[in-house]
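# Structural overview for review
Spelled out, the chains give:
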Amino acid sequence: MEEAETSTRRFKRRRAQTQAPGGNTAGAGTENREKAVDEAGRSPEGEESPDDFQELRPQPKRNRTAEAADPKADRSFIEVIKGNGRHIPQVVKLWVERYEKNPKPAMVEILNMLFEACGARYYLKEEFLDETDVDDVVVALVSLAKQGEVEDYQNSKRKEFKNFQDNLLTFWNNLVIECQNGPLFDQVLFDKCMDYIIALSCTPPRVYRQVASLMGLQLVTSFITVAKALGAQRETTQRQLNAEKKKRTEGPRLESLNKRLSATHEQITMIEEMMRKIFTGLFVHRYRDIDPNIRMSCIESLGVWILSYPSLFLQDLYLKYLGWTLNDKNAGVRKASVIALQNLYEVDDNVPTLGLFTERFSNRMIELADDIDVSVAVCGIGLVKQLLRHQLLPDDDLGPLYDLLIDEPPEIRHAIGALVYDHLIAQKFNSQSGSKGSDDTSEVHLGRMIQILREFSTDPILIIYVIDDVWEYMKAMKDWKCIISMLLDENPVIELTDEDGTNLVRLLSASVKKAVGERIVPATDNRKQHHNKAQKESFENNRRDITVAMMKSYPQLLRKFMADKAKIPSLIEIVVHMKLELYSLKRQEQSFKSILKLVKEAFFKHGEKDALRSCVKAMNYCSTESQGELQDFARNQLKELEDELIAKVKSAIKEVEDGDDEYSLLVNLKRLYELQLSRAVAVGSLYDDFVRILRSLRSSNAEVVSLLLLNMYLHVAWSLHSIVSSETVSTDSVTSLLHTRNVLFEQLEYFLNTPLADGEVGKLGNQLACRVCTILAELWFLFRMTNFSSTKLENLGYFPDSSLCQKFWNLCEQQLDITDDTEDEDVDKEYVEETNRDAVIIAAAKLVASDTVSKDDLGSDIISHYVMHGTGVAEIIKHLITVLRKKDDDLSTTFLEALKKAFQRHMLELSRGSDESATGKSSRECRDLAVRLSSMFVGAARNKHRQEILKIVKDGVEHAFLDAPKHLSFLEYSVLHFVSKLPAPDIMDVIKDVQNRTEGVNTEENPSGWRPYHIFLEILHEKYAKNEGLPEEKEGVSVRRRGRPRKQRNVQGKRLFDGHSSGEEEDSIGSSDHEDGQDEKQDEDEDDEAPLIHAIRSSSKLRSLRVSRDDSKSQNRLGDSSRVPDDSTASRA
C-alpha cells in the first residue's frame, strides 16, 4: 500500500513539473505563434536537403550514461521504425525516461517523429511548442504535400520499408504500455499526439490519412490493453476492499484500498474518454474514406475493439458501423466487416446484446452468401452458420442459400456444403440434438443425405455436385460398410425406395472416387491435380480400406443390381479404384473371379453406353493391374468376351440378311464400338460382312449405318497403329490396310454424294451426316501426306482433291445450319456430344490446322461461319485462327475470302426474295464477321500488320466494284471496319482510289444502288477531317469476363436506428445504395458464359429442406451489393 501511495505522489510531482514550463509562455500572442510555425516548418534555403533537416532537428538532452551503455540511443525514432524494429522497446523506454525528466523536448521529438512517419520533413522547435497551433501545423504539412515534398513510406515498394507499418504500430503500442504508469494520464502527452493524429487523418493528402488513421486506430487498441489491465486491477482491489470491510469498518488499510480503487476507476474513465475522442474524431470520418484500405483498417480495428472490450464498444452505437459497411462497394471492406461479426457471434455471451443488430441486418448477412466476390461469399456463409448456431434465423430464410449448392465457384459450393451438413445432416444447430445420441450414427446421416438427394433424382449431374459439396465434412460417406449394408438391406434402419437406392449407389461411387483423389466435378480451370506425399499416402490407405470393405460384399451388390441399368454403371466402375493385389494376399481369389464373370455378364446384358463403358474399363483394369494367376484369368475372360462378341455380331448380321429385326445388330455393334475405343479387336473377318450389310442398309437405319462406319474406321485406325508401331512391316499388311481404307473411303464418299443427288440431308439423318463428316476428317488426318512423305510407308499418304473437299464442306455446312429445333427427335441421344455442331466444326478445323488440306480449300469457308452459330463454334474458329497466325502471319487472303463468302450468302438471300428478317440476319452476320476479324488488328498490331490490312482493304474495294453497284454494300458491311485500322495517310489513299473508280460514271441513275458508296466515302471523309481513325466497333464482339457472373443488386442500405442520425456521415451511408444498384443493372447477362450446371437447375429442388422459394429470388440476390461511401471529409487525393 505504501508503495502505491509513493508512486501516486511521484506521478503528481512529475505532472506539476511538466506543466510548469508551459505557464511561463502561456501569454504568447498570435504573432509569436505564426513565427513559430514559419520558422519551424521551413528552412532558410529555397530547397531543403536531408542534411539541412538533420541540422534543424532539435537534439534532445540525453543521459550520457545511457548513451554510453547503448549506442542505439543516438538513433532517431524514424530510423528505428524504418529498421527491423527489434530496438523499439528499448528506444521507447529511454524516451519515457527523458520525458519524465524534461517533457518539452521529448514531446517535440515524438511529434516530429509523427510528422516524419507521414512522410513530411517538418520539425517543431522546443521554444515554440506551446505557442504552436495544431491547425497551423497541419496547414503547413498540407502545403508540403501539394509541393510534392512528401515521401510515402506506407505504400513504398522499397525493401527497407517493408516492415514500416508493423514497426510503426509496434512503436505506438510500446509507447502506450510503457507510459501506463505515468505519462499516459498526464493529459498532456497523448492529448497533444491525438490532436495531431486526428487533424492529419482529416487532411486531403492520402498518405497523411493512411498513416494517421493507422496510428490512431492502434492507439485505441493499445488503450484497450491498458484498460483491461486496469479493469482486472480494479476487480482485485474491489474484492480486497469487500473482504477488508468484513473484518473492520475503518482503518489505514481500508483508506488505502478506497484510494486505490478510486484512482483506478478514474484512470479507466480517463482512458475510455481518450478512446471516444479518437473514435468520434477519426473513426466516424475515416470508415467511409475514399481509400478502401483506410475503410478496411477502420472496420478491422472496430471488430477487435468490440471483441476485446465489450463493456464499452458492444452496443448499437458502435455495432451499426459494422452493419453499414456490409454494403461497402469494396470487397475487402465487406469481408472485414463479415469477419468481425463472425468473431463476435462466436462468443455466446455477446449474442443477447446483438439482438437488435441481428434483427436489422440478418437479411443482408444472408444476401452476402451470394456476394459477387467469392471470398466475401464464403465468409458470409460462415456468418450465416454462426447465426444458425444461435438459432437466430428461421429455416424459411435459407432458401436462396441452398441453390448455391450447384453454383459455379467450388469455394462457394463447399462452404454451403458445410452449412448443409451442419444444419440439415448432423443438425448441430438443433436445440434437441444434444439429447439424441443415436442421431449421430452413419445410417441416420446417410438417410438425411438421401432425403436431400431425392430432390435431384431427375438430374444425376446435380446429385454429383451436391455429393462433392458435402463429402469433405460428412464422415458417413466414407463408412463403406454402412453404405453397403444399406444397399444389401442388412438390418435396415431406413427403408429405401428404388430411387433412393440409385442415389445411394451414385453416392457410393462418387465417394469412392473422391477418397482415392479423383475429381467428380470438372475443375473450372482444367488444371491437372497435384498431390503431396501425405495426400498420396492417404489415397492409398483409402484404396486399401475400400477394397477390404467390399471384398466379399461387392459380388453380392453386382448380383442384386445386375438388371438395373441405372445402378450397374456406377457399381461396376468401383472396381477400378480397388487395390487388386489384396485379393491374393487375403486369399479371396474366388471373389475376384466372381467379379470378372459378373462384369462380363453385365456387358452382354446391357446395351447402354454408360454400362458398356464401365464394363470395358473394369475388364481392362483387371487384366492389367491384377497379378499372377488372377491376371491370367482376367485376360482369358477378356479374350472370351471378344470372341463371344464377334460371334454375336456375325449372328446378328446373318439375322438381318435373313430379314429379321436390326435391334440385335445395333446393340452388338454398339458393344463392339465401345470395346474398340479402348483396345484393338480382331474384326478382320467381319470387315467384308460390314461392307455387305452396309450397302444393303444405306437408306434404312441411320443409327446402324453410323455404328458400322465407326467400327470400320476404328479397325482401320488400329491396323495403322499396328503397322506404324511395328519394327518390321510386311507388304501384305500394308496392302490389306490400303484395301480396307479405300473401301471405307468409297462408302463415305457415297454418303457425301447422296445429299447432293437428292438435295436433302434428312434422308440420311443428321446423326449419320455428322458421323460421315467426322469419320472422313479423322481418316484424312490419320493418312495425311506429311505423316508418310519420305518414308517407306509413303504410299499410305493421302491428300483429298479440291472437289472432294468442297463436297465434304457442303455436308459440314448443312449440319452447321441445322437448328436445335429441327434436330432428329428419334435419334439416340447417348452420343449427342459426338454428333453436334461443335464436333463437325472441330473436324473441319482440325484438317486445316494440321495441313491435312490446304487452308485455301477450307480455311476461308470455316472462318466465314465465325459469328453464325453461337459461342461454341466461335471459340473453335477463334482457336483455328490463332493456330494459323502462328504458322502464317499473313492471313489477309483467307480473311478476305471469308468476308466474300459471307457477303455471297447475303446476296443469295436477297436474290431469293427472302423476308426482312432473313436478309437482315445475313447482313448483320457480314458486319459482325468484319468486326470480329478486324478486331484482331488492335494496338501495336495495327502497325505490324499494316500491309496485311491494306491488302484486305484494296482487294475488298476491287471486289465491291466488280459488279457495281450491285456489290457496293460490301464496302459498308466489310471493308469499312478494316479501313478504321489504317493511319490517316492510307485512309486518304483509299478515298482517292474509290473516287477514281467512279470517274465518268453517273451515280445518280441508281441512287439506292450507289448509296453504300456515298456512305462509305462520307464516313471516311468525316473521320479523316478530324484526323482520327474510326471508333473501335463494339457490336457483335463478345467479351469474356473473368470471375463470378454479376448479380443484380436492388438492396437499400440498412439503418440500425430509423429515427436517429449521428451526423451527415451516417446520413450519407444509405443514400447511394439505389444509385449503385441502378448502375449495376446496366451490366449485361452473360448466358453464353454460364456453366452447364446453371442450365439444368431445377426450380423444384430441395423441397425437403423446408424451403419456400419466391419467384423473384434471383432479383433479390446481391452481386456487388455495396455503397459508394460519401467522402465529404476526405479529398480524392
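As the structure is a prediction and not an experimental result, all values here were calculated from the model.

### Thoughts on the overall build of the protein
Counting secondary structure elements, the protein contains 52 helices and 0 strands. The buried share of the protein, taken over its 1133 residues, is 52%. Considering only contacts within the protein whose residues lie at least 6 apart along the sequence, 75% involve residues at least 24 apart. By element, 46% of the accessible surface of the protein is carried by carbon and sulfur atoms, the whole surface being about 52300 Å².

### Some thoughts on the packing of helix 9 (residues 164–178) against helix 11 (residues 206–247)
Two elements in contact, helix 9 and helix 11, have axes separated by 9 Å at closest approach and are oriented at 40°. Here helix 9 lies oblique to helix 11, going by the angle between them. Here the hand of the crossing between helix 9 and helix 11 comes out right-handed. Note on element contacts: helix 11 touches helix 9 through Val-211, Leu-214, Met-215, Gln-218, Leu-219, Ser-222, Phe-223, Thr-225 and Val-226, opposite Gln-165, Leu-168, Leu-169, Trp-172, Asn-173, Val-176 and Ile-177. Looking at the contact of helix 9 with helix 11 residue by residue, the class counts come to 11 nonpolar, 5 polar and no charged.

### Focus: helix 43 (residues 916–934)
Taking 1.5 Å of rise per residue, 19 residues should cover 27 Å, and helix 43 covers 27 Å from first to last C-alpha, within 8% of that figure. On its buried side, helix 43 packs onto helix 40 (855–863), helix 41 (870–887), helix 42 (892–911) and helix 46 (969–979).

### Some remarks on the side chain of Glu-272
The residue Glu-272 is located in helix 12 (residues 252–286) in this model. In this structure, Glu-272 is buried with no salt-bridge partner, the nearest side chain bearing the opposite charge being Arg-276 at 4.0 Å. Here Tyr-309 takes part through its side chain, which lies 2.6 Å from a polar atom of the side chain of Glu-272. Excluding anything up to four places from it in sequence, Glu-272 contacts Tyr-309 and Leu-312.

### Focus: unusual backbone geometry
Residue Gln-391 is not a glycine yet carries a positive backbone phi of 55°. Counting through the fold element by element, Gln-391 comes out in the loop between helix 18 (374–389) and helix 19 (399–402). Residue classification places Gln-391 among the partly exposed residues on the basis of a relative accessible area of 47%.

### Describing the environment of Cys-805
With respect to the helices and strands, the residue Cys-805 is situated in helix 38 (residues 802–816). Cys-805 gets classed as buried once you look at its relative accessible area, which sits at 1%. Separated by 39 residues in sequence, Cys-805 and Ala-844 have C-alpha atoms that sit 9.8 Å apart. Cys-805 has contacts with Trp-780, Pro-800, Val-853, Asp-857 and Leu-858, leaving out every residue within four places of it along the chain.

### So, the pattern of salt bridges
Taken as a whole, this structure holds 50 salt bridges when the rule is applied. Across the pair Asp-348 and Arg-389 runs a salt bridge, and its minimum N-O distance is 3.3 Å. Within this pair, whereas Asp-348 is found in the loop between helix 16 (331–346) and helix 17 (355–367), its partner Arg-389 is found in helix 18, the two being separated by 41 residues in sequence. Accessibility expressed as a relative area gives 47% for Asp-348, which makes it partly exposed. Measuring nitrogen to oxygen at the nearest pair gives 3.2 Å for the salt bridge that ties Lys-951 to Asp-955. Here Lys-951 and its partner Asp-955 are both found in helix 45 (residues 946–960), 4 residues apart, which amounts to about one turn of the helix. Each of Arg-413, Asp-468, Asp-469 and Lys-514 takes part in a single network of salt bridges with overlapping partners.

### Overview of the environment of Tyr-465
Within the secondary structure, Tyr-465 is located in helix 22 (residues 460–470). Classification of Tyr-465 as buried rests on a relative accessible area of 13%. A sequence separation of 51 residues divides Tyr-465 from His-414, and the C-alpha atoms of the two residues are 9.8 Å apart.

### Some thoughts on the packing of helix 36 (residues 766–782) against helix 39 (residues 837–849)
Their axes nearest at 9 Å, the elements helix 36 and helix 39 cross at an angle of 20°. Regarding the angle of helix 36 to helix 39, the classification is roughly parallel. Relative to helix 39, helix 36 is oriented so that their crossing is left-handed. Judged by residue contacts, Cys-770, Cys-773, Thr-774, Ala-777, Glu-778, Trp-780 and Phe-781 of helix 36 engage Ala-839, Val-840, Ala-843, Lys-846 and Leu-847 from helix 39. When grouped by side-chain class, the residues that make up the contact of helix 36 with helix 39 number 9 nonpolar, 1 polar and 2 charged.

### Some details on helix 23 (residues 480–487)
Of all 8 residues in helix 23, 7 are buried, a share of seventy percent or more. Listing the buried residues of helix 23 in full gives Trp-480, Cys-482, Ile-483, Ile-484, Ser-485, Met-486 and Leu-487. Buried residues in helix 23 make contact with helix 21 (442–453), helix 24 (498–515), helix 25 (533–550) and helix 26 (554–560). Backbone geometry just downstream of helix 23 places Asp-489 in the positive-phi region, at approximately 60°.

### Quick word on the confidence of the model for the protein
Residues of the protein with pLDDT of at least 70 account for 81%, and the chain-wide mean is 80. Across residues 821–826, where pLDDT falls below 50, the model places 8 contacts with residues more than four positions away in sequence or in other chains. Predicted confidence is poor over residues 1029–1133, with pLDDT under 50, and the contacts of this stretch with residues over four places away or in other chains come to 235 contacts.

### A word on the packing of aromatic side chains
Scanning the entire structure with this criterion turns up 32 aromatic pairs. Over the aromatic face of Phe-783 sits the side chain of Arg-741, whose NZ or CZ is 5.0 Å from the ring centroid. When the ring centre of Tyr-866 is taken as reference, the NZ or CZ atom of Arg-932 above it lies at 5.1 Å.

### Describing the nonpolar core
A general trend in soluble globular proteins is that nonpolar side chains are found buried together. If you look at the biggest cluster of nonpolar residues, it comprises 326 residues, and the most contacted ones within it are Ile-110, Trp-172, Phe-223, Phe-283 and Phe-313. Here the element with the most residues in this core is helix 11; it accounts for 13 residues. Once residues within four sequence positions are removed from consideration, Trp-172 is found in contact with Ile-110, Met-113, Leu-114, Cys-193, Ile-197, Met-215, Gln-218, Leu-219 and Ser-222.

### Regarding the side chain of Ser-222
Tracing the backbone shows Ser-222 in helix 11. For Ser-222, a relative accessible area of 0% puts it in the buried group. Of the polar contacts made by the side chain of Ser-222, one reaches the side chain of Asn-173; its length is 2.8 Å. Not counting the four nearest positions on each side in its chain, Ser-222 is found in contact with Trp-172, Asn-173 and Val-176.

### Some details on the environment of Asp-291
Turning to its location among the elements, Asp-291 is positioned in the loop between helix 12 and helix 13 (292–308). Sequence separation between Asp-291 and Asn-330 is 39 residues; the distance between their C-alpha atoms is 9.7 Å. Contact partners of Asp-291, with chain neighbours within four places excluded, come to Arg-206, Arg-209 and Gln-210. Within the structure, Asp-291 has its side chain in polar contact with the backbone nitrogen of Asn-293 (distance 2.9 Å).

Cut-offs used in this document
- Position labels on residues start from 1 in each chain and follow its written sequence.
- Given that this is a predicted model, residues contribute local features only at a pLDDT of at least 70 and side-chain atom pairs are listed and counted only at 80 or more, while totals for whole chains, interfaces and linings are drawn from all residues.
- Where side-chain values are given, they derive from all heavy atoms of the structure, hydrogens and water being excluded.
- Starting at the N terminus, helices and strands are each numbered in turn, a helix being any DSSP run of H or I of at least four residues and a strand any DSSP run of E of at least two.
- Burial status follows relative accessibility: with a 1.4 Å probe on protein chains alone, a residue under 20% of its type maximum counts as buried, one over 50% as exposed, and anything between as partly exposed.
- Residue contacts follow a heavy-atom distance rule, with two residues in contact if any of their heavy atoms lie within 4.5 Å.
- Note on areas: Shrake-Rupley with a 1.4 Å probe; residue coverage comes only from the protein chains shown.
- Note on method: axes are straight lines fitted to C-alpha atoms, helices fitted across the in-contact stretch only, with angles between N-to-C directions ranging 0 to 180 degrees.
- When describing relative orientation, an angle under 35 degrees is termed roughly parallel and one over 145 degrees roughly antiparallel, while 65 to 115 degrees is termed roughly perpendicular and anything else oblique.
- Crossings are classed by handedness, with left-handed meaning an anticlockwise turn of the near helix from the far one by less than a right angle and right-handed meaning a clockwise turn.
- Polarity classes work like this: nonpolar for Ala, Val, Leu, Ile, Met, Phe, Trp, Tyr, Cys and Pro, charged for Asp, Glu, Lys and Arg, and polar for all others, with Gly in that last group.
- Here the expected span of a helix is defined as 1.5 Å times the quantity of residues minus one.
- The charge count treats Lys and Arg as positive and Asp and Glu as negative. His and the chain ends do not count.
- The salt bridge definition used is simple: a Lys or Arg side-chain nitrogen within 4 Å of an Asp or Glu carboxyl oxygen.
- Definition of a polar contact: a pair of N or O atoms within 3.5 Å, with one able to donate and the other able to accept a hydrogen when the atoms are protein atoms, and with sequence-neighbouring residues admitted only if both atoms are side-chain atoms.
- Note on scores: pLDDT gives the predictor's confidence for each residue, bounded by 0 and 100.
- By convention, a stacked pair of Phe, Tyr or Trp rings (six-membered ring in the case of Trp) has centres within 6.5 Å and planes under 30 degrees apart, an edge-to-face pair has planes over 60 apart, and any other such pair is tilted.
- Consider the ring centre and the ring normal. A charge sits over the ring if Lys NZ or Arg CZ is within 6 Å of that centre and within 35 degrees of that normal.
- We call a set of buried Ala, Val, Leu, Ile, Met, Phe, Trp, Tyr and Cys residues a nonpolar core when their side-chain atoms join them within 4.5 Å.

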